[in-house]
Amino acid sequence: ATAIDIAKETSPKLLAPLWNAKAVCLYNAHVYPAALFAFSEAYKFYCLSERSDKPTYQVVCLTMIGELHCCLNQFEEAECTLRSALALAHKFDYVSGKANALGSLGELYHRLGKLESAHSILCSALELADSTGNRRIKATTSGRLGQLYVSLGRFEEAKRKLQTALELCVEIGDRLNQ
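Heads up: these notes are all about the structure in this document. (Residues numbered from 1 in each chain as written. Predicted model: local features only at pLDDT ≥ 70, side-chain atom pairs only at ≥ 80, totals over all residues. Heavy atoms only, no water.)

### Re the environment of E67
Part 1: Following the sequence through the fold, E67 ends up in helix α4 (residues 56-71).
Part 2: Each C-alpha atom of the pair E67 and E77 lies 9.7 Å from the other, and the pair is ten residues apart in sequence.
Part 3: Look past the residues within four positions of E67 in its chain and what remains in contact with it is Y27, L82, S104 and R144.
Part 4: Of the polar contacts made by the side chain of E67, one reaches the side chain of S104; its length is 2.5 Å. (Helix = DSSP H or I, 4+ residues; strand = E, 2+ residues; numbered from the N terminus. Contact = heavy atoms within 4.5 Å. Polar contact = N/O pair within 3.5 Å; in protein donor to acceptor, adjacent residues only side chain to side chain.)

Written out as structure tokens, the structure is:
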């Protein structure tokens, strides 16, 4: 029996974080369809258990679901889900959640070739990340902006953003994204 099976019987409140942990592992292993299912399950259980006035994990799960749709080339689903995450984060003034969802939306637009929209969105995401002091989101967004600058042929700006992203990843001990 798995921890999820045991939690179903003994501790239903643990189902959301267990599904979330499984989803993160699958995502990091690039097993995207299974990660999408696991994040969807985590989201479902967070909706059932999380305080409705502060749906932090719901926003995180929706953002990851949107990113996974993007990884699976399901772009309409990605945009819809990321906009839902952004709306929920905005409704509850969850600034880190807004920054993260905007960063993912900017990356989606970059992949779709909507470079001006991607630039505007990523700059907004970076400004929000700066305002929160969340170095992980700042690192991710700086990296995304650096990649966009490469696509735009703005190599000096790309180098600065990618260097910032690398330095932040080193500072926070994020070996996966270095």
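### So, the side chain of K98
Part 1: As for its placement among the helices and strands, K98 is situated in helix α6 (residues 95-111).
Part 2: The class of K98 is buried, set by a relative accessible area of 13%.
Part 3: Here D93 takes part through its side chain, which lies 3.5 Å from a polar atom of the side chain of K98.
Part 4: Sequence-distant contacts of K98, that is, excluding residues within four places in its chain, are made with L86, A89, H90, D93 and L128. (Buried < 20%, exposed > 50% of the residue type's maximum accessible area, 1.4 Å probe, protein only.)

### So, the packing of aromatic side chains
Part 1: Counted according to the given criterion, the structure contains three aromatic pairs.
Part 2: Consider the rings of W19 and F37, whose centres lie 5.6 Å apart with planes at 80°: the pair is edge-to-face. Here W19 is found in helix α2 (residues 15-28), whereas its partner F37 is found in helix α3 (residues 32-49), with 18 residues between them in sequence.
Part 3: Judged by its relative accessible area of 48%, F37 is partly exposed. (Phe/Tyr/Trp six-rings, centres within 6.5 Å; stacked < 30°, edge-to-face > 60°.)

### Topic: the packing of helix α1 (residues 3-10) against α2
Part 1: Where α1 contacts α2, the two axes come as close as 10 Å, and the packing angle between them is 170°. Considered as vectors, α1 and α2 are oriented roughly antiparallel to each other. Seen from α1, the contacting residues are A3, I4, A7 and K8; seen from α2, they are L15, L18, W19 and K22.
Part 2: The class makeup of the residues in the contact of α1 with α2 is six nonpolar, no polar and two charged. (Axes fitted to C-alpha atoms, helices over the stretch in contact; angles between N-to-C directions. Parallel < 35°, antiparallel > 145°, perpendicular 65-115°, else oblique. Nonpolar A, V, L, I, M, F, W, Y, C, P; charged D, E, K, R; others polar.)

### Remarks on unusual backbone geometry
Part 1: You will see that H30, though not glycine, has its phi angle at about 65°, which is positive.
Part 2: Residue placement: H30 occurs in the loop between α2 and α3.
Part 3: Not every positive phi belongs to a glycine, and N73 is a case in point at roughly 60°.
Part 4: Within the fold, N73 resides in the loop between α4 and α5 (75-91).

### Some details on α6
Part 1: For α6, which comprises 17 residues, the first-to-last C-alpha distance of 24 Å matches the rise-based estimate of 24 Å (1.5 Å per residue) to within 8%.
Part 2: With 13 of its 17 residues buried, α6 lies for the most part within the structure.
Part 3: Where α6 terminates, the next one or two residues include G113, which has phi positive at roughly 85°. (Expected span 1.5 Å × (residues − 1).)

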